[in-house]
Amino acid sequence: MSEYLHPYRDVTFALRELVDFDALCESAGLNEVNAELADAILEEAGKFGSDVWAPLNRQGDLHPPRVESDGVQETPGFADAYRSFVESGWPTLTFPESFGGQALPNVLGTAVNEIWQSANLAFGLCPLLTQGATEAILHHADEALKAIWLPKLVSGEWTGTMNLTEPNAGSDLAAITTRAVPNGDHYLITGQKIFITWGDHRMTPNIVHLVLARLPDAPAGVKGISLFIVPKFLLDEQGEPSVRNDAYCVSIEHKLGIHASPTCTMSFGDNGGAVGYLVGEPHQGLPYMFTMMNHARQSVGLQGLAISERSYQQAVAYARERVQGTTKDGRKIAIIEFPDVRRMLMQMRASIEAMRGLALLAAAETDRAKASDDEVQASRHHERIELFTPIVKGWLTELSQEVTYLGVQVHGGMGFIEETGSAQHYRDARILTIYEGTTGIQSLDLVGRKILRNQGVAINGLLDEIDDCARQLASEPEMSVLAERLSKALDAGRQATGWLLEEGARTAWAPGAVGVPFMMLMGYLCGGWVSCRMAQRAAERAASGEGDTEFLHAKVTTARFYCEHLLPRTQGLLETILSGSESVMSLPEAQF
Amino acid sequence: MKLLVCVKRVIDYNVKVRVKADNSDVDLANVKMALNPFCEIAVEEAIRLKEAGVASEVIVVSVGPKAVQEQLRTAMALGADRAIQIDTDTMPEPLDVAKLLARVVEQEQPGLVILGKQSIDSDNNQTGQMLAALTGRPQGTFAYALKVEGDKAVVTREVDGGLRTLSLQLPAIVTTDLRLNEPRYAKLPDIMKAKKKPLEVKTPADLGVELKRHIIQLKVEAPAARKAGIRVDSVDALIDKLKHEAKVI
């Protein structure tokens, strides 16, 4: 039996009942796509993830990549699994047909991606980064560059990387110093990039690096950054990799987790300059990065969901088997019968249901924006994407820390022992609140760019929608407990937003100081909203006699747990927000 | 030549099977179902024969309610060209299945029929053999290896004593064993194309077969829970227990 089984029923339920996948496909004019096809795709992907990638997860943790004289050697076994992955066509899922893609909806791509990330988080980063690189080229490069580089990136035959960070430029990208100098029909790139995920390996004949660099005449700061394609191997006239480019991985990091993902220090131009091709217009690198940021950030949020699910499956299996204690009549008890262990498992479970609901709902907004009939409708959906992105990235990843922590806790002492495997999920999760924009950065994005900048119009729209949902729920007797809790949390959301729009306008430090509690409040609230919606649909289906009543009742019970154990956190967070930023900022630096 | 592959929809092997409270049957309500593992091996073997140029067309057939179409689509995603669903409201017993398949064989005239040796739910290991008898064709069961040479099928079978190779005159029936091959994973583009491949629905009446139900299932019980072992303090005590309690010597 595999260590990971795809939670097929939960995912297909969320796709049908929360996202309304059939209606979405219809409105998008995707006549060949529907929930039945999604089922077939998810089933095969689930099998593949379970059988091929999941068994390599521990292998990757124990046998991380190594830098050798001719480049990075990835974990043994990964190359074969990757080849099989590419042969099966999985990388092509959401890309346009014109470049070899299957043009399937983003929400389905997200649901499938959950499988890869759950089965093997470190390995899953490879196609994830490749997708980012592919989208950068797809959206911003000229037709000539697209024709050369896209087909093999879409198929996965080549992988891609994103090279932004430098030793002195992490959260502050404006500080990068990598240079690009014009040289005939291309540029020569010189500089060093750090923390480059899957920067080098031997699984594919080429790797396509997307690199941010400054041109000689670039304006200072954020407005002077350009984007370049810098391949590992330059292409010959047949478009095949031939000459080695001056771009090398000089070292890989020794990390707390995701060991199997080679985190590289990339050196461009140690030998005269790496050949690079300008993507789009000069000095537009950061705006270009921003167009992909939503998807990249939501993908990391999805990783939070995925690692939580993996940790949960293992915890449940352990709790069922581990026997400790005897009843009065001599029966042995598995720890899953203990209330405190139940509580921990329920918390993991309720968190996961909420995370999955929000991740899919947010992913579907991209499809809805594309399918919109007019500009007004499209901009409403774009607004939602912008609003959901920091919440999905920030809240799902923060919650995953707690879920994977509980995963270890359920195992007791065995959880602390590496061989058991739960510790790996706990370690692997730790990076999620950091990369692709730290929790702090996500909260600033939410509070500053997504709320204050539009005077709260977008967030108030969302809160109104949650309000409607809570009112509807309140009218159903079975849902009244959930409705009450959701309304209370919504009220906290409204109060917090109100405070932000007033204080935020007045005090410079306010958004930064209370940004994270604010973002977490919104996360718990949105999580409660999607949980309640799914519970409502589950109750309706059960009442009409369709489907597995036990499964459906479990949805309602889990949502209730969420409302009683996780939603109340919104009250505490509200109190913190309302107390303002003074105690955060007023201690003099010397006192620390 | 045409290949006919017969597949069955069964409980997914990862699922923990539960018995209904009244012990009348296994509880299959809303449980995850899948293609029987031996049938997967049968499909894989057929596809390989097609890829080798031995077969021109692979037809997959299954007996059961509409839900079995999921498994037929899976088989088509793996490479089968078309599918036939024989629509029945329950899963019939092997003899009825064999009679229905015999009619399909008559209609389609495949050179080779490949089935899984048994299904993981009922574990009868009968359908292939009964089909061979009904169609008057030679059978090679528990196939460990299969080669088509001209008008013969050379089948190496797993038997208790080892391996035995038979040469069967085509047309023939083969049932697959575990080590015959390792099934492939379906490719994403093929999963999408499978939707458009032809799937025909026939009824037993269309085939002129009356389902008889010779077998009545009386009850189903879960296996007995494992009992704790006991330690004995001497070899004599052990022999005594083995003789008088366990009654194995």
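Residues numbered from 1 in each chain as written. Chains lettered and ligands numbered in written order. Predicted model: local features only at pLDDT ≥ 70, side-chain atom pairs only at ≥ 80, totals over all residues.

### Quick word on the nonpolar core
Formed by 244 residues in total, the largest nonpolar core has its most connected members in Phe-228 and Leu-486 of chain A together with Val-5, Val-43, Val-60 and Ala-75 of chain B. Sorting elements by how many residues they give to this core places helix 17 (residues 510-543) of chain A first, with 19 residues. If you count residues domain by domain, this core takes at least three from each of domain 1 (54-88 + 120-283) and domain 2 (454-581) of chain A. Val-5 of chain B has contacts with Ala-42, Val-43, Ala-46, Val-58, Val-60, Ala-75, Ala-80 and Ile-114 of chain B, leaving out every residue within four places of it along the chain. (Core = buried A, V, L, I, M, F, W, Y, C linked by C-beta atoms within 7 Å. Buried ≥ 20, exposed ≤ 12 C-beta atoms within 10 Å, placed from the backbone. Helix = DSSP H or I, 4+ residues; strand = E, 2+ residues; numbered from the N terminus. Domains from an automatic or database assignment. Contact = placed C-beta atoms within 7 Å.)

### Quick notes on the confidence of the model for chain B
Of all residues in chain B, 100% have pLDDT values of 70 or greater, and the mean over the chain is 95. Model confidence for the complex is summarised by a pTM of 0.93, with the ipTM given as 0.88. (pLDDT = per-residue confidence, 0-100.)

### Quick word on the interface of chain A and chain B
Listed per partner, the contact involves 21 residues of chain A and 13 residues of chain B. Elements supplying a minimum of two residues to the side of chain A that touches chain B: helix 3 (35-53) and helix 5 (78-87) of chain A. A total of 6 residues in the side of chain A that touches chain B trace back to one element, the largest contributor, which is helix 3 of chain A. When its residues are assigned to classes, the side of chain A that touches chain B shows 10 nonpolar, 6 polar and 5 charged. (Nonpolar A, V, L, I, M, F, W, Y, C, P; charged D, E, K, R; others polar.)

### Focus on the sheet that holds strand 6 (residues 112-116) of chain B
Residues and elements named next belong to chain B. Ordered by their spatial adjacency, 9 strands build an open sheet running 9-8-7-10-6-1-4-5-11, and the pairing between neighbours is mixed. Where the open sheet ends on each side, the last strands, each with one partner, are strand 9 (162-169) and strand 11 (199-202). Across the sheet, the axes of successive neighbouring strands diverge by a mean angle of 30°, strand direction being ignored. As paired strands, strand 1 (residues 2-7) and strand 4 (residues 57-64) are joined by 6 bridges and run parallel to one another. The residue bridging Val-5 from the neighbouring strand is Val-60, located in strand 4. Along the sheet, helix 4 (residues 127-135) contacts strand 6, strand 7 (139-149) and strand 10 (172-176); its crossing angle with strand 7, the most-contacted strand, is approximately 65°. (Pairing = 2+ DSSP bridges. Axes fitted to C-alpha atoms, helices over the stretch in contact; angles between N-to-C directions.)

### Some points on the environment of Asp-22 of chain A
All names here are of chain A. As for its placement among the helices and strands, Asp-22 is situated in helix 2 (residues 21-27). Judged by local crowding, Asp-22 falls into the partly exposed class, with 15 C-beta atoms found within 10 Å. Note: C-alpha distance between Asp-22 and Lys-193 (171 residues apart in sequence) is 44 Å.

### A few points about the packing of helix 10 (residues 339-371) of chain A against helix 17 of chain A
Residue and element names in this part refer to chain A. The contact between helix 10 and helix 17 brings their axes to 8 Å, and the two run at 95°. Here helix 10 lies roughly perpendicular to helix 17, going by the angle between them. Only Cys-526, Gly-527, Val-530, Ser-531 and Met-534 of helix 17 make contact with helix 10, whose side of the interface consists of Glu-353, Ala-354, Met-355, Gly-357, Leu-358 and Leu-361. Across the contact of helix 10 with helix 17, the residue classes tally to 7 nonpolar, 3 polar and 1 charged. (Parallel < 35°, antiparallel > 145°, perpendicular 65-115°, else oblique.)

### Here we look at helix 7 (residues 121-140) of chain A
Relative to the 28 Å expected for 20 residues at 1.5 Å per residue, helix 7 of chain A spans 29 Å between its end C-alpha atoms, a close match to the ideal helical length. Extensive coverage of helix 7 of chain A is indicated by the burial of 19 of its 20 residues. (Expected span 1.5 Å × (residues − 1).)

### Let's talk about the packing of helix 16 (residues 480-506) of chain A against helix 19 (residues 569-578) of chain A
All names here are of chain A. Where helix 16 meets helix 19, the closest approach of the two axes is 9 Å, and the angle between their N-to-C directions is 15°. On the basis of the axis angle, helix 16 is roughly parallel to helix 19. Where helix 16 crosses over helix 19, the handedness of that crossing is left-handed. Along the contact surface, helix 16 presents Ala-489, Ala-492, Gln-495, Ala-496 and Trp-499, while helix 19 presents Thr-570, Gln-571, Leu-574, Ile-577 and Leu-578. (Left-handed = near helix turned anticlockwise from the far one by under 90°.)

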